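For reference, the chains in residue letters:
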Amino acid sequence: MVAFDGRSWIPYYLPQWSGRASSAARYEWADGQLHLLIEEDQPPWSPELEGEMRVSSLQTGVFSGPVGSTIGQHGRGKAVVVEAQRPERIYTPQYGLIEMRARATPDPTCMVALWMIGYEDEPERSGEICVAEIFGKDVGKDSVRVGMGIHPFGDPDLTDDFTVETVPIDATEFHLYAAEWTPERVSFSIDGEHVRTVEQSPKYPMQLMLGIYEFPQDRTGPYPKRFIVDYVRGGPYRWSAG
């Protein structure tokens, strides 16, 4: 299990592009569970890159070049380093089973996600595996639309294969979202039930990203907005077809 403590997670969202002051996660603990928060007085992550979007996110690695460079994770060719980061690789697996037990928010201005990105110590090692991405506007009482799949970004060996799947669950309750990543493919499941498989695979270490995002359109309360996570776990893959 990837514990929620300062030894297992970095409590900032891509801090090389905005600085640690603007990217610091807001969170609290209740009943042994992590609550990632968006609070009313929280500053936007990076107005230059994402406008008024606000984020509370944890990650398990960080890498960047010097200030003024474009070297760093998930910059997508448009970001410039404003605060250089000391490289850290707390948990950067290559293949395995990654799973999260969590409750999504139905707030229509928010999105919650567990995703993985290449550590990007080489520019081509920049693909993404999205384990689960849930927009509040897609959360219903009896079903939810869950995004999952692969984005290549700068990886020339990957192609974009990302879908949004409708699943008959109440996502405001706890559910288990998982991706089984092998050298050949990535298989996605919810509550142990296979949803889809992508027949390609990033072939380099990746770090975990866990967060809640609030978008500026029609921003309303109540605050704080919450993404409640019981646990995130990583381990060896156990792929079986079907």
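This is a predicted model, so every value here is computed, not measured.

Engineer: Explain the overall build of the chain to me, using residue names and the numbers behind them.
Structural biologist: On a plain count of helices and strands, the chain comes out with 2 helices and 15 strands. For 242 residues, the compact-globule formula gives about 18 Å, and the C-alpha radius of gyration of the chain, at 17 Å, lands near that figure. With respect to the three principal axes, the spread of C-alpha positions in the chain is 50 × 45 × 30 Å. Relative to its full complement of 242 residues, the chain shows a buried share of 55%. Residue pairs at least 24 apart in sequence account for 66% of intrachain contacts in the chain once pairs closer than 6 positions are excluded. Across the chain, 22 positive and 36 negative side-chain charges occur, with their mean positions spaced 2 Å apart.

Engineer: Before we move on, could you go through the sheet that holds strand S8 (residues 128-135) and cite the residues and values that matter?
Structural biologist: The strand order across the open sheet formed by 6 strands is S3-S14-S7-S8-S9-S10, and the pairing between neighbours is antiparallel. Two strands close off the open sheet at either side, each with one partner strand: strand S3 (54-59) and strand S10 (161-167). The mean angle between the axes of side-by-side strands here comes to 15°, regardless of whether they run parallel or antiparallel. Taken together, the 4 bridges between S8 and strand S9 (residues 144-151) define a ladder with antiparallel strand orientation. Residue pairing across strands places Cys 130 opposite Gly 149, the latter belonging to S9.

Engineer: Kindly report on the pairing of strand S1 (residues 26-30), identifying the contributing residues and their values.
Structural biologist: Note: S1 against strand S2 (residues 33-38), 5 bridges, orientation antiparallel. Paired with Trp 29 across the two strands is Leu 34, which belongs to S2. From the end of S1 to the start of S2, which pair antiparallel, there are 2 residues, and Asp 31 there has a positive phi angle of about 55°.

Engineer: How would you summarise the side chain of Ser 64 if you had to cite specific residues and measurements?
Structural biologist: Tracing the backbone through its elements, the reader meets Ser 64 in the loop between strand S4 (61-62) and strand S5 (88-89). At 3.0 Å, the side chain of Ser 64 forms a polar contact with the backbone nitrogen of Gln 85. With sequence-adjacent residues up to four places away left out, Ser 64 is seen in contact with Gln 16, Ile 71, Gly 72, Val 81, Glu 83, Ala 84 and Gln 85.

Engineer: Could you give me a rundown of the packing of aromatic side chains, with the residues and numbers involved?
Structural biologist: A full pass over the atoms with the stated rule returns 6 aromatic pairs. Judged by centre distance (5.5 Å) and plane angle (50°), the ring pair of Phe 63 and Tyr 119 falls under tilted. Here the residue Phe 63 occupies a position in the loop between S4 and S5, and Tyr 119 occupies one in the loop between strand S7 (110-118) and S8, the gap between them amounting to 56 residues. Overall, the relative accessible area of 17% leaves Phe 63 in the buried class. Judged by relative accessible area, which is 5%, Tyr 119 ranks as buried. Each ring, one from Tyr 95 and one from Trp 181, has its centre 5.3 Å from the other, and the planes form 65°; the classification is edge-to-face. With Tyr 95 in the loop between S5 and strand S6 (96-103) and Trp 181 in strand S11 (residues 175-181), this pair connects stretches of sequence that are 86 residues apart. Residue Trp 181 is classed as buried on the basis of its relative accessible area of 1%. Connected via pairs of aromatic rings, a cluster forms that spans Tyr 13, Trp 45 and Tyr 213. The ring centre of Phe 174 lies 5.7 Å from the NZ or CZ of Arg 103, which sits over that ring.

What counts as what
In every chain, residue numbers begin from 1 and rise along the written sequence. pLDDT decides what is reported in this predicted model: residues at 70 or higher carry local features, side-chain atom pairs at 80 or more are listed and counted, and totals for whole chains, interfaces and linings draw on all residues regardless. As a convention, hydrogens and water are excluded, and side-chain values are obtained from all of the structure's heavy atoms. Where helices and strands are cited, they refer to DSSP runs of H or I of at least four residues and of E of at least two residues respectively, numbered from the N terminus. Computation of the radius of gyration draws on C-alpha atoms, with the globule rule given as 2.2 Å multiplied by the number of residues to the power 0.38. Whether a residue is buried, partly exposed or exposed follows from its accessible area with a 1.4 Å probe, protein chains only, as a fraction of its type maximum: under 20%, in between, or over 50%, in that order. Pairs of residues are marked as contacts when any of their non-hydrogen atoms sit within 4.5 Å. This count recognises Lys and Arg as positive and Asp and Glu as negative, with His and chain-terminal groups excluded. Every charge is mapped to an atom, namely NZ of Lys, CZ of Arg, CG of Asp or CD of Glu. For two strands to be treated as a pair, DSSP must find no fewer than two bridges joining them. Axis geometry follows a simple rule: fit a line to the C-alpha atoms, using only the stretch in contact for helices, then measure angles between N-to-C directions, giving values from 0 to 180 degrees. Whenever two N or O atoms come within 3.5 Å, that pair is a polar contact, provided that in protein one can donate a hydrogen and the other can accept it, and provided that, for residues adjacent in sequence, both atoms are side-chain atoms. Whether two aromatic rings pair depends on their centres lying within 6.5 Å, for rings of Phe, Tyr and Trp, where Trp uses its six-membered ring; planes under 30 degrees apart make the pair stacked, over 60 edge-to-face, and the rest tilted. By definition, being over a ring means that NZ of Lys or CZ of Arg is both within 6 Å of the ring centre and within 35 degrees of the ring normal.

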